[in-house]
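Structural description and commentary
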Amino acid sequence: MFITVINALNEGFLQTLKLFAVTLVGALPLGLVISFGSMCRFGPLRWLTRTLVWIVRGTPLMLQLIVIFYVPGFILPQNPWAVTDGRFWAAAVAFILNYACYFSEIFRGGVQGVPVGQQEAGQVLGMTRSQIFFKVTLLQMIKRIVPPMSNEIITLVKDTAIARMIAWQELIYAGYAFLKGSHGLAGLYWPLLFTGLYYLLFNGLLTLLFGWMEKKMSYFRS
Amino acid sequence: MEVLRVENIVKNFGRVEVLRGIDFSLQKGQVLSIIGSSGSGKTTLLRCLNFLETPQKGRIIVEGKTLFDAEDRQKMSDAAIRLNRLHFGLVFQQFNLFPQYTVKRNITLAEELLAKEKIKKEGSYNGHTTVRDALAAIDQKADRLLEEVGLTVKADSYPCQLSGGQQQRVAIARALAMEPDILCFDEPTSALDPELTGEVLRVIRELKDTGRTMIIVTHEIGFARDVSDTVMFMDGGVIAEMGPPEQVIENPQNPRTREFLSRFTER
Ligand SMILES: Nc1ncnc2c1ncn2[C@@H]1O[C@H](COP(=O)(O)OP(=O)(O)O)[C@@H](O)[C@H]1O
Ligand SMILES: [Mg+2]
């Protein structure tokens with residue numbers, strides 16, 4: 001029983017990890033691009049990106065996932081998700097879009113949170129734009145970005161569970177399968193306990209990592 | 001010798017005319033204080049001199065060389081503006097030290113970057129042909145400057161560990177490190193608790209004694225009277241009155257100056 005559960009959960013956990021990693025790899029750069037759009041001096045572009053961010057942040061991820069998975073099949077001649085791993089990629093697209101919007105707001109807060117005086121101090125000392133960015137403002141931005149980013153990333157770990165909405169077999173899906181099986185009460189608490197433990201362990205590691213990063217930058221205040 | 005000549009500087013923000021034709025000149029080693037009520041354009045003038053704002057009209061001439069002429073401001077490259085900035089230094093009201101660097105690093109950073117760049121491109125910086133020599137000289141200069149502002153013991157501290165007065169003294173040393181022809185101060189003591197203004201004003205007085213050319217925007221009227229060769233009273237974007245402190249502060253001719261100064265004597 002124990003081994004069966006662990007094996008199934010491991011498989012589910014790998015899928016969770018995969019969605020988590022793909023979301024990060026896609027959403028971090030996309031978030032940066034969106035944050036540039038939302039700070040752009042060109043009005044229409046700024047307005048457009050901010051509206052997108054507003055919509056994505058204002059609606060549930062679960063709804064976005066369902067829309068992204070089911071709607072293309074209705075309106076396009078061919079369902080783009082009717083491929084191998086289609087469910088995974090649908091989930092990935094929804095997660096990347098959703099998290100990129102949240103990340104973009106964090107980036108924007110980080111960039112705009114550094115006082116203009118820092119840049120001006122660099123300018124009057126004869127530094128170039130890139131010197132000012134890399135030597136003066138970048139680290140201050142990172143310091144501002146890390147705490148909200150760590151919250152968001154830990155939420156992402158837990159949000160991956162939402163992917164089971166479109167029957168993609170991540171960790172919760174794997175754990176839940178046992179409930180419907182014929183294992184009796186043992187089929188209830190072992191999977192639930194271990195599912196919880198997986199999330200806790202993973203988030204515990206992330207918390208340690210981010211705590212370490214914050215500590216590394218705690219020697220200065222800005 | 002005339003170091004600075006400012007001709008007919010006009011600066012608008014949109015439709016608001018903030019500077020409406022500023023003319024003055026400054027001799028080497030002299031101290032000019034600028035007084036005037038809030039909103040009269042003092043900060044904007046300093047920012048124009050430091051190329052943080054671009055005036056719509058006017059010229060800025062340093063040691064006979066025209067650094068800025070509004071006629072051809074479109075043609076000015078970023079690189080040219082950057083080099084122009086080195087003629088001026090600016091000490092901000094809010095210090096604006098780099099929080100992630102030690103006091104010493106705050107002082108050396110900009111010049112190190114400049115020296116590395118010059119040696120790479122032109123083969124030498126201030127007579128040094130290797131980065132190592134240049135950095136050693138910069139390091140020594142920083143030690144001298146720290147001594148000058150009385151903060152040798154704080155060299156390895158971070159800005160957040162210093163009092164406001166100490167931070168402002170570091171900011172002064174940082175500006176001096178680039179050896180500007182003219183050092184500008186924008187209300188250097190306004191953000192400080194009253195008991196900390198003295199140490200900053202003392203440092204500025206000592207700078208005058210070593211012959212530095214300075215422009216000081218200040219609300220410390222007594223200090224302006226003592227330290228300045230010339231006092232400028234600004235009102236509504238123009239120079240309302242300008243002259244030696246005995247005249248402008250002790251015996252103002254313009255009614256606006258009198259009104260402004262009376263607010264200080266009442267206190
Ligand atoms: N970036 C700006 N945009 C619009 N108005 C500005 C800007 N900077 C300054 N001003 C305006 O210019 C006027 C003069 O400001 P400032 O030079 O800061 O005066 P002071 O330093 O004498 O108090 C003020 O009315 C201020 O509101
Ligand atoms: Mg001001």
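Within every chain, residues take consecutive numbers counted from 1 along the sequence as written. Going through the entries in the order they are written, you letter the chains from A and number the ligands from 1. Local features in this predicted model are restricted to residues whose pLDDT is 70 or higher, and side-chain atom pairs enter the listing and the counts only when it is 80 or higher, whereas totals over whole chains, interfaces and linings include all residues. Neither water nor hydrogens contribute to the side-chain values; these are computed over all heavy atoms in the structure.

1. Points about the interface of chain A and chain B
In what follows, a contact means two residues having at least one pair of non-hydrogen atoms within 4.5 Å. Facing 21 residues of chain A, the contacting portion of chain B comprises 25 residues. Buried area is a sum: the accessible area each of two parts loses on coming together, probed at 1.4 Å, counted once for each and added. Interface of chain A and chain B: buried area, both sides summed, is about 2,100 Å²; carbon and sulfur atoms make up 61% of it. What makes a salt bridge here is a side-chain nitrogen of Lys or Arg within 4 Å of a carboxyl oxygen of Asp or Glu, nothing more. Inspection of the chain A/chain B interface yields 2 salt bridges. Across the pair Arg129(A) and Asp78(B) runs a salt bridge, and its minimum N-O distance is 3.4 Å. In protein, a polar contact means a hydrogen-donor-capable atom and an acceptor-capable atom, both N or O and within 3.5 Å, with residues adjacent in sequence counting only if both atoms are side-chain atoms; elsewhere, any N or O pair within 3.5 Å suffices. For the pair chain A and chain B, the interface holds 11 residue pairs in polar contact (both at pLDDT 80 or more).

2. A look at the site of ligand 1
Residue and element names in this part refer to chain B. Throughout, near means a residue has at least one heavy atom within 4 Å of the molecule or strand. For ligand 1, the full set of nearby residues is Phe-13, Val-18, Ser-37, Ser-38, Gly-39, Ser-40, Gly-41, Lys-42, Thr-43 and Thr-44. The separation between an oxygen atom of ligand 1 and a polar main-chain atom of Gly-41 is 3.0 Å. One nitrogen or oxygen atom from the side chain of Thr-43 is found 2.6 Å from an oxygen atom belonging to ligand 1. Only the protein chains shown count as cover for residues, and the accessible areas themselves come from Shrake-Rupley with a 1.4 Å probe. Contact with the protein chains hides 57% of the accessible area of ligand 1, taken as 560 Å² for the molecule alone. What counts as a helix is a DSSP run of H or I of at least four residues, what counts as a strand is a run of E of at least two, and both are numbered from the N terminus. The element best represented in the shell around ligand 1 is helix α1 (residues 42-49), accounting for 3 residues. Here the residues of the shell around ligand 1 sort into 2 nonpolar, 7 polar and 1 charged. Nonpolar residues are Ala, Val, Leu, Ile, Met, Phe, Trp, Tyr, Cys and Pro. Charged residues are Asp, Glu, Lys and Arg, and all others, Gly as well, are polar.

3. With respect to unusual backbone geometry
Residues and elements named next belong to chain B. Even without glycine at this site, Glu-63 takes up a positive phi of about 50°. Here Glu-63 is to be found in the loop between β4 (57-62) and β5 (65-69). You can call Glu-63 partly exposed: its relative accessible area is 39%. Not every positive phi belongs to a glycine, and Glu-179 is a case in point at roughly 50°. Structurally, Glu-179 can be placed in the loop between α5 (164-177) and β7 (182-186). Accessibility expressed as a relative area gives 49% for Glu-179, which makes it partly exposed. Relative accessibility thresholds used throughout: buried, under 20% of the residue-type maximum; exposed, over 50%; partly exposed, between the two (1.4 Å probe, protein chains only).

4. Some points on the domain arrangement of chain B
Residue and element names in this part refer to chain B. Domain annotation of chain B identifies domain 1 (1-87 + 182-267) and domain 2 (98-179). Distance from the C-alpha centre of domain 1 to the C-alpha centre of domain 2: 26 Å. Each partner contributes to the interface: domain 1 provides 16 residues, whereas domain 2 provides 16 residues. Summing both sides of the interface, domain 1 and domain 2 together bury roughly 1,200 Å²; the carbon and sulfur share of this comes to 65%. Ranking the residues of domain 1 by area buried against domain 2 places Leu-86, Glu-199 and Val-203 at the top, with a combined share of 33%. Reported domain spans reflect what an automatic or database domain assignment gives.

5. A few points about the packing of aromatic side chains
Within 6.5 Å between ring centres, the rings of Phe, Tyr and Trp (the latter by its six-membered ring) count as paired, and their orientation is classed by plane angle as stacked under 30 degrees, edge-to-face over 60, tilted in between. Taken as a whole, this structure holds 14 aromatic pairs over all chains when the rule is applied. Ring centres 5.1 Å apart and planes at 70° place the aromatic pair Tyr219(A) and Phe220(A) in the edge-to-face group. Its relative accessible area of 33% is what places Tyr219(A) among the partly exposed residues. Given the relative accessible area of 1%, Phe220(A) is considered buried. One aromatic cluster is present, built from ring pairs that chain together Phe13(A), Phe20(A), Tyr198(A) and Phe202(A). Above the ring of Tyr101(B), the side-chain terminus of Arg105(B) is found at 5.8 Å from the ring centroid. Here, a charge over a ring means that NZ of Lys or CZ of Arg falls within 6 Å of the ring centre while also lying within 35 degrees of the ring normal.

6. So, a nonpolar patch on the surface
Residue and element names in this part refer to chain A. Residues Phe-2, Ile-3, Tyr-189, Trp-190, Leu-193, Leu-197 and Leu-200 make up a contiguous nonpolar surface patch of roughly 710 Å² in combined accessible area. Contributions of two or more residues to the nonpolar patch are made by α1 (2-38) and α8 (186-216). Its location among the elements puts Leu-193 in helix α8. Patch definition: residues with relative accessible area over 30% and no salt bridge; like charges joined within 9 Å; nonpolar side chains (Val, Leu, Ile, Met, Phe, Trp, Tyr) joined within 5 Å.

7. Notes on the nonpolar core
In terms of nonpolar packing, the biggest core is built from 53 residues, with Phe20(A), Phe95(A), Phe103(A), Ile153(A) and Leu206(A) touching the most fellow members. Of all the secondary structure elements, the ones that give two or more residues to this core are α1, α2 (43-58), α3 (61-75), α4 (86-113), α6 (129-159), α7 (171-179) and α8 of chain A. Ranked by the residues each element gives to this core, the list is headed by α4(A), at 13 residues. When neighbours within four sequence positions are excluded, Phe103(A) is seen to be in contact with Leu24(A), Ala27(A), Leu28(A), Gly31(A), Met149(A), Glu152(A) and Ile153(A). By nonpolar core we mean a set of buried residues, namely Ala, Val, Leu, Ile, Met, Phe, Trp, Tyr and Cys, connected to one another through side-chain atoms within 4.5 Å. The next biggest cluster of nonpolar side chains, apart from the first, holds 49 residues, and it includes Leu4(B), Phe68(B), Leu113(B) and Ile119(B).

8. A word on the environment of Gln169(A)
Residues and elements named next belong to chain A. Tracing the sequence through the fold places Gln-169 in the loop between α6 and α7. Residues Gln-169 and Phe-88, 81 residues apart in the sequence, show an inter-C-alpha distance of 8.8 Å. Here Gln-169 is in contact with Gly-12 and Gln-15, once residues within four sequence places are set aside.

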